[in-house]
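Here are the chains, one letter per residue:
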Amino acid sequence: MIIEISKISPEGSRYTGEDPAEVFELEGNPDLCPTGPIRYDLFAAIVSGGVVVRGRVGAAFDLRCGRCAEFFSTFAEDSDFIRDYPLREGCQELDLTDDLREAVLLRLPVYPVCRGECRGLCPRCGRNLNDGPCGCPPEPPAATDAWKALDGLKI
Ligand SMILES: [Zn+2]
Ligand SMILES: [Zn+2]
């Protein structure tokens, strides 16, 4: 997304549009896939010595759930995007692409979970427990066993 500085009107200009999802450069990422363009709705204004750009930017993604490993859809959005670009001699345009991409990616969850009550996978058989119980016998609580073992050592 590029803003031509000379075209920003004195009272500021609004920029709405989208950049293709390719700007995320996430091809080949097994856990994260943009499913639509990066959408922006920004307002740029020339202030003393610079350009202030603020607004919102977001994109839709398919993310792999960290618990059950299934993909789910989400929309990552920075609704408080604000950047200050100093005006430099001879600089006629601002390329916001990297900043917009970074702002959206920072809104993605560090540990994506498809829903709060996701039951994840059975650690023993690997079955997705959201589809129902797997039939593995309930695991004995390990801590209790350790204490029992200590009891046995008592003389
Ligand atoms: Zn899940
Ligand atoms: Zn199981």
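Note that this is a predicted model, so its numbers are computed, not measured.

The next subject is the confidence of the model for the protein chain. In the predicted model, the protein chain carries a mean pLDDT of 91, and 89% of its residues have values of at least 70. No element of the protein chain has a lower mean pLDDT than helix H2 (residues 142-153), which averages 64, and none a higher one than strand S5 (residues 50-64), which averages 97.

This paragraph deals with unusual backbone geometry. Although it is not a glycine, glutamate 25 adopts a positive phi angle of roughly 50°. Among the residues examined, glutamate 25 registers 10 C-beta atoms within 10 Å and is labelled exposed. A positive phi is found at alanine 69, a non-glycine position, where the angle reads about 70°. Structurally, the position occupied by alanine 69 is in the loop between S5 and strand S6 (71-86).

A general trend in soluble globular proteins is that nonpolar side chains are found buried together. Within the largest apolar cluster, 16 residues are counted, with the highest numbers of intra-cluster contacts made by Ile38, Tyr40, Val57, Leu100 and Val104. Where this core is concerned, the elements lending two or more residues are strand S4 (38-47), S5 and helix H1 (97-105). By residue number, the principal contributor to this core is S5, which donates five residues. Every residue in contact with valine 104, bar those within four places of it in the chain, is listed here: Ile38, Val57, Gly58, Ala59, Ala76 and Asp78.

Looking now at the environment of threonine 74. Considering the arrangement of structural elements, one finds threonine 74 in strand S6. For the pair formed by threonine 74 and leucine 63, sequence separation is eleven residues and the distance between their alpha carbons is 7.3 Å. In contact with threonine 74, not counting residues within four places along its chain, are Phe61 and Leu63.

Calculation notes
- Residues numbered from 1 in each chain as written.
- Chains lettered and ligands numbered in written order.
- Predicted model: local features only at pLDDT ≥ 70, side-chain atom pairs only at ≥ 80, totals over all residues.
- pLDDT = per-residue confidence, 0-100.
- Helix = DSSP H or I, 4+ residues; strand = E, 2+ residues; numbered from the N terminus.
- Buried ≥ 20, exposed ≤ 12 C-beta atoms within 10 Å, placed from the backbone.
- Core = buried A, V, L, I, M, F, W, Y, C linked by C-beta atoms within 7 Å.
- Contact = placed C-beta atoms within 7 Å.

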